[in-house]
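Survey of secondary and tertiary structure
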Amino acid sequence: MVPSSSSMDLSPPPSWFTPKRLLIIFCVINMINYVDRGAIASNGVNGSSETCDDKGICKSGSGIQGEFDLTNFQDGLLSSAFMVGLLVASPIFASLAKSYNPFRLIGVGLSVWTLSVAGCASAFSFWFIAICRMLVGVGEASFISLAAPFIDDNAPVSQKTAWLAMFYMCIPTGIALGYVYGGYVGGYFHWRYAFWGEALLMLPFAVFGFLVKPLQLKGFSPVESKKALASVEKVSSVTDDSKASKLDGRMLVGGDGIIGDELSKTSKSESIHNILNQLSRFAKDMKVLLVDKVYVVNVFGYIAYNFVIGAYSYWGPKAGYNIYHMKNADMLFGGVTIVCGILGTISGGFILDRMGATISNAFILLSGATFLGAISCFSAFCLRSLYGFIVLFAVGELLVFATQAPVNYVCLHCVRPSLRPLSMAISTVSIHIFGDVPSSPLVGILQDHINNWRDTALILTSILFLAAGIWFIGVFLHAVDKSNDGSQPVSTPRITSRKPLLDGNVDESFCEV
């Protein structure tokens, strides 16, 4: 007899597992992911193109751009290629989590990531490194979609948001370390060594994802039981659909034996059927997400928020240089963002846990922190004093970054457990496609039109008020925490046929699962 799905979910955890150990492992992996993003953007790795002065004296280029003689457009495509892989693969890995063990899928993704980063290190042309960057995004997609649900499952009830905050704190920290790491390695050694170092750092975690006994996500049945049942179903279907006879202890179908071509056709039809089932299940799950008002409101607010943050990260130093004539605008904006990102993200998680981690309280914190942060940042760009701007902008970013843990808490808890990977994947896809990806060029167009960086910054910052308003709507929605909803787990199929698998003395009770 095959155990029920509920009994399997209660199986003891693997020997290596403790919740804190899992959190540390996932935080380190997340840190390495974002170190890579910072490293490829650093001067030491990204480099510069060849330059020539008026006298015809040329200075050779450096880094990736110099070695492959890239234009600024080609150089910019490297980051876009990474985003394409991430956005395309995130929903795919989220959907596969219903058919394959999610922990093993993380191992697959980390393996792709490691090999792709090693490919960047050994790249011989622009197109090769662009394809490798795309595959780096594919590898990260599995981790982005599946890591947060694992953390949410295993965090203490009173500290769920705080644990999510520690996980997402690795984003600004990793990028900052990536700038330093890429600059140092690229400056003192060679830009290729930076990628080799990242691959070596991630390799143990990729191996870990395959060798250790995997964890199970809440709401998902162990895949091994599904495979066993599928095998039994396949044999049962053969006996139901064929005329079976017994000759000299061997099983014959139609008296002529099982023909290889027929099995091949059956295998192909089953493969097509499985693909159609996957697509059908994905469409049904997407429909569930899109009609969930709490989820839609949360993601819409996150899109507006990310639109501003993405433009800040790209245009902030240039705006600060032109408005306040900062000589070290890069270092100033980078330092403020790193410090406020770390403190704000952790603070948001601990505050929501202290308030009581509920979806309604999360929306209250999201709308309140974003509204106050918008007021502070808007006031900062109105000031003429550089020091006044720095103080108010730092306070604003501290408040704005406090939303990171609560917004992901809502994504995880407004859907049933089996939908959490897809919820995180669609949220990630949405905030990038509609948020930070278009925001930088749109703000550039706005600046070209009005030619005033102060006005452009104020218009951009005002969108934070829109994000706060959208999240404020969520306070009044009927929000149910579905994280403990066990009514719709990914169930294992049930075989009701009582026909014997073979003619003979076979216990009929074996056929019922």
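For clarity, every value in this text was computed on a predicted model and none was experimentally measured.

All right, on to the overall build of the protein then. In terms of helices and strands, the protein carries 19 helices and four strands. Buried residues in the protein amount to 49% of all 513 residues. Partitioning the contacts of the protein with sequence separation of at least 6, the portion at a separation of at least 24 is 79%.

All right, on to the confidence of the model for the protein then. Summing up the model confidence of the protein, the mean pLDDT is 79 and the portion of residues at 70 or higher is 78%. In this model residues 224-256 is a low-confidence stretch, pLDDT under 50, and it forms 40 contacts with partners more than four residues away in sequence or in other chains. Scored below 50 in pLDDT, residues 487-513 shows 45 contacts in the model against residues more than four places distant or in partner chains.

Okay, unusual backbone geometry next. Notably, Asn451 is not glycine yet its phi reads approximately 55 degrees, a positive angle. Classification of Asn451 by relative accessible area gives exposed; the value is 62%.

Turning next to the packing of helix α15 (residues 359-382) against helix α16 (residues 386-401). Relative orientation of the contacting elements α15 and α16 amounts to 160 degrees, with a least axis distance of 8 Å. When the axes of α15 and α16 are compared, the pair comes out roughly antiparallel. As α15 packs across α16, the resulting crossing turns out to be left-handed. Touching Ala369, Leu372, Gly373, Ser376, Cys377, Ser379, Ala380 and Phe381 of α15 are Phe389, Leu392, Phe393, Val395, Gly396, Glu397, Leu399 and Val400, all from α16. Among the residues making up the contact of α15 with α16, the classes are represented as 11 nonpolar, four polar and one charged.

With that settled, consider the packing of aromatic side chains. By the definition in use, this model includes 23 aromatic pairs. A centroid spacing of 6.3 Å and a plane angle of 70 degrees characterise the contact between Phe378 and Phe465, whose relative ring orientation is edge-to-face. One end of the pair, Phe378, is in helix α15; the other, Phe465, is in helix α19 (residues 453-475), and 87 residues separate them in sequence. What makes Phe378 partly exposed here is its relative accessible area of 30%. We classify Phe465 as partly exposed; its relative accessible area is 29%. Centre to centre, the rings of Phe472 and Phe476 are 5.1 Å apart; their planes meet at 85 degrees, and the pair counts as edge-to-face. Aromatic rings pair up to connect Phe26, Phe103, Phe143, Phe150, Phe167, Tyr168 and Phe208 into one cluster.

Looking now at the packing of helix α6 (residues 102-121) against helix α10 (residues 191-211). The description of two packed helices rests on the angle between their axes and on the distance between the axes. Where α6 meets α10, the closest approach of the two axes is 8 Å, and the angle between their N-to-C directions is 160 degrees. For the element pair α6 / α10, the angle class is roughly antiparallel. Note that α6 runs across α10; the crossing there is left-handed. In terms of residue class, the contact of α6 with α10 is built from 19 nonpolar, four polar and three charged.

Counted by the stated rule, this structure contains seven salt bridges. Salt-bridge contacts for Asp285 lead to Lys98; the nearest nitrogen and oxygen are separated by 2.6 Å. Highlighted residues: Asp285 in helix α12 (residues 260-290) and Lys98 in the loop between α5 (72-96) and α6, separated in sequence by 187 residues. Take Lys98: its relative accessible area is 9%, and that puts it in the buried class. For Asp292, the salt bridge goes to Lys482, with nearest N and O atoms at 3.7 Å. Residue Asp292 is found in the loop between α12 and α13 (293-324), and its partner Lys482 is found in the segment after α19; the two are separated by 190 residues along the sequence. Exposure remark for Lys482: the relative accessible area of 31% places this residue in the partly exposed category. Because the salt bridges share partners, they merge into one network encompassing Asp152, Asp153 and Arg420.

As a further point, take the nonpolar core. Among the nonpolar cores identified, the biggest contains 127 residues, and Phe26, Ile64, Phe195 and Tyr305 are the most heavily contacted of them. The element that contributes the greatest number of residues to this core is α13, accounting for 17 residues. The contact partners of Tyr305, leaving out residues within four places of it in the chain, are Val400, Phe401, Thr403, Gln404, Leu464, Ala467 and Trp471.

What follows covers the state of the cysteines. Per the counting criterion, the structure on display carries zero disulfides. Here Cys27 is not disulfide-linked; the sulfur of Cys170 is the nearest cysteine sulfur, at 4.1 Å. Note on Cys132: no disulfide assigned, nearest cysteine sulfur contributed by Cys120 at a separation of 4.9 Å.

Let us now look at α5. Between its first and last C-alpha atoms α5 spans 37 Å; for 25 residues at 1.5 Å apiece the expected length is 36 Å, and the two agree. Of all bends in α5, the biggest is about 30 degrees, found at Ala89, and the proline Pro91 comes one to four residues later.

Right, let's get into a nonpolar patch on the surface. Together, Val108, Leu200, Leu203, Val207, Phe210 and Leu211 give the surface a local cluster of nonpolar side chains, amounting to about 570 Å² of exposed area. If you tally residues by element for the nonpolar patch, the top one is α10, at five residues. On the basis of relative accessible area, Leu211 is assigned to the exposed category, the value being 70%.

Exposure remark for Asp292: the relative accessible area of 13% places this residue in the buried category. Setting aside anything within four residues of it in sequence, one finds Asp292 in contact with Cys414, Val415 and Lys482.

Turning our attention to the side chain of Ser95. Here Ser95 is to be found in helix α5. If sequence neighbours within four positions are ignored, Ser95 has contacts with Gln278, Phe282 and Leu422.

How each quantity is defined
- Residues numbered from 1 in each chain as written.
- Predicted model: local features only at pLDDT ≥ 70, side-chain atom pairs only at ≥ 80, totals over all residues.
- Heavy atoms only, no water.
- Helix = DSSP H or I, 4+ residues; strand = E, 2+ residues; numbered from the N terminus.
- Buried < 20%, exposed > 50% of the residue type's maximum accessible area, 1.4 Å probe, protein only.
- Contact = heavy atoms within 4.5 Å.
- pLDDT = per-residue confidence, 0-100.
- Axes fitted to C-alpha atoms, helices over the stretch in contact; angles between N-to-C directions.
- Parallel < 35°, antiparallel > 145°, perpendicular 65-115°, else oblique.
- Left-handed = near helix turned anticlockwise from the far one by under 90°.
- Nonpolar A, V, L, I, M, F, W, Y, C, P; charged D, E, K, R; others polar.
- Phe/Tyr/Trp six-rings, centres within 6.5 Å; stacked < 30°, edge-to-face > 60°.
- Salt bridge = Lys/Arg side-chain N within 4 Å of Asp/Glu carboxyl O.
- Core = buried A, V, L, I, M, F, W, Y, C linked by side-chain atoms within 4.5 Å.
- Disulfide = S-S within 2.5 Å.
- Expected span 1.5 Å × (residues − 1).
- Bend = angle between axes of the 7 residues up to and from the residue.
- Patch = residues over 30% accessible without salt bridge, like charges linked within 9 Å, V, L, I, M, F, W, Y side chains within 5 Å.
- Areas by Shrake-Rupley, 256 points an atom, 1.4 Å probe, with all protein chains shown as cover.

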